[in-house]
Amino acid sequence: MENKKKLILKEATQKENRIWVRIASACNNICIFCLDSDAQNWTFPEEEKIKHEIRVWYIKGYENRIIISWWEASINPKFSNYIAYAKEVWYNKIQTVTNWNMFFSEEFCKKVFKAWLEEVTFSFHGHNSTLHDYLVATPWAFKKSLKGLIYVKKNFPDIIVNIDIVVNKVNVKYLHDIVSFFMKLWVYEYDILQIVPFWRGFSKYKKQLFYNIEDYSQELTNTWKLSTINWMYMWTNRFPAEAFEWYEDLIQDPRKVKWEVMWEWINMFSKFIKTKWLSKPNCFWDACNVCFIKQYCHNFINNVNRPSLNYNKDNTFILRWEEFPSEVYKKYWESKENFLEFLHWKKMKNIKLINVPKCLWWEWLFEKYNDLNPEYEINDYTKKYIKNLYRKKSLRCNKCRYNETCEWIWINFIRSYWFNILKPII
Ligand code: SF4
Ligand code: SF4
């Protein structure tokens with residue numbers, strides 16, 4: 001299927017009200033890349049608290065998806081009760097993310113599917129025991145998990161099964177082989193996550209796990225190519241957008257930044273913003289260069305004292321936020337030629353363009369505008385960041401003479417028209 005069509009099809013899932021409910025602060029694997037390891041205390045949140053979350057996050061009128069997870073949800077003895085409760089509340093889709101240690105038991109599978117679990121994402125970080133067991137630091141994990149997967153695929157054909165893979169220096173060169181291996185077992189949906197430099201993964205295993213994406217661009221591109229197979233659904237998380245040149249439909253939904261900063265680490269980021277970065281996130285500096293949130297953090301620092309641009313609304317056009325690529329197409333047309341024509345037409349009418357990179361326009365008219373009136377609340381800043389500051393350039397921009405000063409183009413225009421709309425000016 002053409003990737004542009006897949007991009008639009010994926011929007012249906014992105015429009016869902018998607019909520020994650022944590023039911024265990026514990027895990028029966030000891031993954032060396034774990035981003036939450038230090039916060040585990042082997043307890044389960046109180047039943048009433050969990051049920052309250054399940055109830056209040058349901059939104060009438062939406063497709064509601066609940067993901068019962070974090071850390072290893074299946075070890076909570078009441079796991080199937082919460083599934084049944086979510087069904088009672090009327091969630092449209094009930095999913096879990098798991099390491100599959102519990103799904104090794106047939107009895108367990110029967111119980112949770114009967115309670116109405118409909119979709120299972122299981123974590124495999126390798127396609128053999130050597131790779132997977134090393135990364136999850138648990139002997140026999142690969143064999144057990146594989147047995148669970150095969151059992152579910154064989155006996156519960158209506159259950160949606162997909163795989164997530166955390167990519168790191170140990171497995172990146174095998175990524176294509178990992179996906180190909182599981183395709184042979186008829187798994188055609190993958191969530192590929194870039195490693196995050198928090199907790200144990202960074203403090204203990206920095207050297208073993210962190211890699212430079214550009215050093216593995218061939219291996220990554222070979223994997224992205226698999227996304228073009230007709231019935232394949234590939235999602236990616238926390239990779240820098242530049243890793244997807246020619247496969248821009250794989251760039252993650254920009255709104256997901258909200259989940260990164262307003263969930264697990266909300267206090268840390270709230271303080272950072274409230275204090276105008278006097279209080280920095282714990283991870284500041286050392287980990288920044290391998291961090292997906294770098295642009296979010298560092299843009300705040302760079303823009304917090306920047307004055308707003310005064311402009312005349314009547315003769316100015318600002319290129320910014322459209323929630324989905326389909327909306328970009330509706331407003332600016334589907335082909336990039338038509339989009340460029342739209343900009344040209346504005347110019348003919350003497351309208352000033354703002355936030356349009358020089359290569360799409362004529363340099364003498366370029367201006368930038370960040371719409372960042374002082375925002376010292378995490379909610380406000382995150383919204384503004386997603387809507388306006390989340391701009392990207394191509395790796396080829398390094399050759400452009402405006403590379404240092406250019407502020408690039410807003411992410412959904414890249415997802416809609418691809419990186420090659422940007423033409424370095426040499
Ligand atoms: S960019 Fe921000 S979140 Fe990432 S490591 Fe640096 S301070 Fe932490
Ligand atoms: S740096 Fe990139 S986006 Fe900016 S003008 Fe040059 S080619 Fe265009």
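Residues numbered from 1 in each chain as written. Chains lettered and ligands numbered in written order. Predicted model: local features only at pLDDT ≥ 70, side-chain atom pairs only at ≥ 80, totals over all residues. Heavy atoms only, no water.

**Student:** Explain the site of ligand 2 here, please?
**Tutor:** By nearness alone, every residue bordering ligand 2 is listed as Pro 357, Lys 358, Cys 359, Cys 397, Cys 400, Asn 403, Cys 406, Leu 422, Lys 423 and Pro 424. Class assignment of the residues belonging to the shell around ligand 2 gives a composition of 7 nonpolar, 1 polar and 2 charged. (Near = heavy atom within 4 Å. Nonpolar A, V, L, I, M, F, W, Y, C, P; charged D, E, K, R; others polar.)

**Student:** Looking at this structure, how should I read unusual backbone geometry?
**Tutor:** Note: most residues except glycine have negative phi, and most peptide bonds are trans. In this structure, Trp 408 is a non-glycine residue whose phi angle is positive, near 65°. For Trp 408, a relative accessible area of 25% puts it in the partly exposed group. Its identity as a non-glycine residue notwithstanding, Trp 418 has a phi of 75°, on the positive side. Within the secondary structure layout, Trp 418 lies in the segment after helix H17 (411–417). (Buried < 20%, exposed > 50% of the residue type's maximum accessible area, 1.4 Å probe, protein only. Helix = DSSP H or I, 4+ residues; strand = E, 2+ residues; numbered from the N terminus.)

**Student:** I tried to follow the pairing of strand E4 (residues 119–123) on my own but got confused; where do I start?
**Tutor:** In summary, the side chains of a regular strand alternate between the two faces of the sheet. Of all 5 residues making up E4, 5 are buried, and the element is well covered by its neighbours. Side chains Glu 119, Thr 121 and Ser 123 of E4 all project onto a buried face; the interleaved residues Val 120 and Phe 122 project onto the opposite face, where all are buried too. In the sheet, strand E3 (residues 93–98) pairs with E4 via 4 bridges, with the strands oriented parallel. Directly across from Val 97, in E4, lies its bridge partner Thr 121. With helix H4 (residues 106–114) bridging E3 and the parallel E4, this β-α-β connection has right-handed handedness. Sheet analysis places E4 next to strand E5 (residues 160–167), joined by 5 bridges and oriented parallel. By the bridge assignment for E5, Phe 122 is matched with Ile 163. (Pairing = 2+ DSSP bridges. Right-handed = clockwise from strand over helix to strand, strands pointing away.)

**Student:** Please clarify how the site of ligand 1 should be interpreted in this entry.
**Tutor:** Near ligand 1, the surroundings consist of Phe 198, Phe 269, Pro 281, Cys 283, Phe 284, Ala 287, Cys 288, Cys 291, Ile 293, Lys 294, Cys 297 and His 298. Of the residues forming the shell around ligand 1, the biggest block, 3 residues, is contributed by helix H13 (residues 294–303). For the shell around ligand 1, the per-class residue count stands at 10 nonpolar, 1 polar and 1 charged.

**Student:** How should the packing of aromatic side chains be read in this particular structure?
**Tutor:** Between two aromatic rings, the relevant description is the distance of the centres plus the angle of the planes. Here the structure, examined in full by the defined rule, presents 36 aromatic pairs. Ring centres 5.3 Å apart and planes at 80° place the aromatic pair Tyr 296 and Tyr 385 in the edge-to-face group. Highlighted residues: Tyr 296 in helix H13 and Tyr 385 in helix H16 (residues 378–389), separated in sequence by 89 residues. Just as Tyr 296 is buried, Tyr 385 falls in that class too. Through a chain of ring-to-ring contacts, three or more aromatic side chains come together here, namely Phe 317, Trp 321, Tyr 329, Tyr 332, Phe 339, Phe 342, Trp 410, Phe 413 and Tyr 417. We note Lys 10 situated over the ring of Trp 235; from NZ or CZ to the ring centre the distance is 5.0 Å. (Phe/Tyr/Trp six-rings, centres within 6.5 Å; stacked < 30°, edge-to-face > 60°. Lys NZ or Arg CZ within 6 Å of the ring centre and 35° of its normal.)

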